[in-house]
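Summary of structural features
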Amino acid sequence: MHESWKTFLDSEFNKPYFKELSQFLHSEYETKTIFPPKPQVFRAFTTDLSSVKVVILGQDPYHTPKAAHGLAFSVPDSQPIPPSLINIYKEIDSEFGSHQNPSGNLKAWQEQGVLLLNNVLTVEAHKAGSHRGHGWETFTQATVEYLNEACDHLVFLLWGRDARSKKPLIDQQKHLILESAHPSPLSAYNGFFGNNHFKRTNEFLTAHGLAEIKW
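This section reports on the structure supplied with the text. (Residues numbered from 1 in each chain as written. Predicted model: local features only at pLDDT ≥ 70, side-chain atom pairs only at ≥ 80, totals over all residues. Heavy atoms only, no water.)

Scanning the chain from N- to C-terminus turns up seven helices and six strands. Each helix and strand of the chain, ordered N terminal to C terminal, gives the series α-α-β-β-α-α-β-β-α-β-α-β-α. In terms of C-alpha radius of gyration, the chain reaches 17 Å, essentially the compact-globule figure of 17 Å for 215 residues. Overall size of the chain, expressed as C-alpha extent along the three principal axes, is 45 × 35 × 30 Å. Look at the contacts in the chain between residues 6 or more apart in sequence, and 66% of them connect residues 24 or more apart. (Helix = DSSP H or I, 4+ residues; strand = E, 2+ residues; numbered from the N terminus. Rg over C-alpha atoms; globule rule 2.2 N^0.38 Å. Contact = heavy atoms within 4.5 Å.)

Pro36 follows Phe35 through a cis peptide bond whose omega is -5°. Relative to the helices and strands, Pro36 resides in the loop between β1 (34-35) and β2 (54-58).

Here the focus is the packing of aromatic side chains. Scanning all chains against the criterion turns up 24 aromatic pairs. Between Phe42 and Trp136, the ring centres sit 5.8 Å apart and the planes meet at 65°, which makes this aromatic pair edge-to-face. Here Phe42 is found in the loop between β1 and β2, whereas its partner Trp136 is found in helix α5 (residues 136-150), with 94 residues between them in sequence. As far as burial versus exposure is concerned, Phe42 and Trp136 are alike and both buried. Ring centres of Trp109 and Trp215 lie 4.8 Å apart, and the angle between their planes is 90°; on these two criteria the pair is classed as edge-to-face. Of this pair, Trp109 sits in helix α4 (residues 107-111) while Trp215 sits in the segment after α7 (197-207); the two residues are 106 residues apart in sequence, bridging distant segments of the chain. For Trp215, a relative accessible area of 3% gives the class buried. Through a chain of ring-to-ring contacts, three or more aromatic side chains come together here, namely Trp5, Phe8, Phe13, Tyr17, Phe18, Phe42, Phe45, Trp136, Phe139 and Tyr146. (Phe/Tyr/Trp six-rings, centres within 6.5 Å; stacked < 30°, edge-to-face > 60°. Buried < 20%, exposed > 50% of the residue type's maximum accessible area, 1.4 Å probe, protein only.)

Generally speaking, soluble globular proteins have nonpolar side chains that are buried together. Core analysis: the largest hydrophobic core is formed by 59 residues, its most contacted members being Phe45, Ile56, Trp109, Trp136, Phe139 and Leu147. Once residues lying within four places of it in the same chain are set aside, the contact partners of Leu147 are Trp5, Leu49, Val52, Val55, Leu115, Leu154, Phe156 and His175. (Core = buried A, V, L, I, M, F, W, Y, C linked by side-chain atoms within 4.5 Å.)

Here we take up the pattern of salt bridges. Following the criterion strictly, the structure yields 10 salt bridges and no others. With a shortest N-O distance of 3.0 Å, Lys32 and Glu28 are connected by a salt bridge. Owing to a relative accessible area of 36%, Lys32 belongs among the partly exposed residues under this scheme. Exposure remark for Glu28: the relative accessible area of 7% places this residue in the buried category. One salt bridge connects Lys174 with Asp152, and the closest N-O pair in it is separated by 3.8 Å. (Salt bridge = Lys/Arg side-chain N within 4 Å of Asp/Glu carboxyl O.)

The subject of this paragraph is the pairing of strand β3 (residues 114-118). Where burial is concerned, most of β3 is hidden: five out of the five residues are buried. In β3, alternate side chains face the same way, and those of Val114, Leu116 and Asn118 on one face and Leu115 and Leu117 on the other are all buried.

This is how it looks when you write it as structure tokens:
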């Protein structure tokens, strides 16, 4: 984890809810197959806090082998591009003509200041949503609240119900909130396609003297 997060993370890690979550995770990793691998759980927090310009909130990690690697919506280079990310790329293509990533690995976005944070950071193999309700949601809420206070002129991309539930935590006078349906094939045609979020993000960044994201 990047040292810029140290104050925040040290504070959260010492709270009772997180100690309970840690005990739960220790047992889960010892007795079951859990994704992502332990060293990658907090990979989103390797992003330098001072570089964060855009926050994309996912749900929980991919629950199939070798897919989750700690960044929301992202997969390692060797893995097939998941359906939700295919739809994200389709929307980028419709806005810009093409997308920049040759694979499903969104590390290049992270390096440009996009925080790819899931609402729940772990999951049991083949059991979507299996680690909900154990404390991760409290941690993610605290993270959004911290970003809201610590940073200026962020763009929050809130796709789907889980992400949109964080809207009340964000100061709309200070940051840009863009919300729509989730890019999942089950909901993308209900408002994700055509949302123009990637162009609108870059327009906001440019207006505040920040470099655009190369989507």
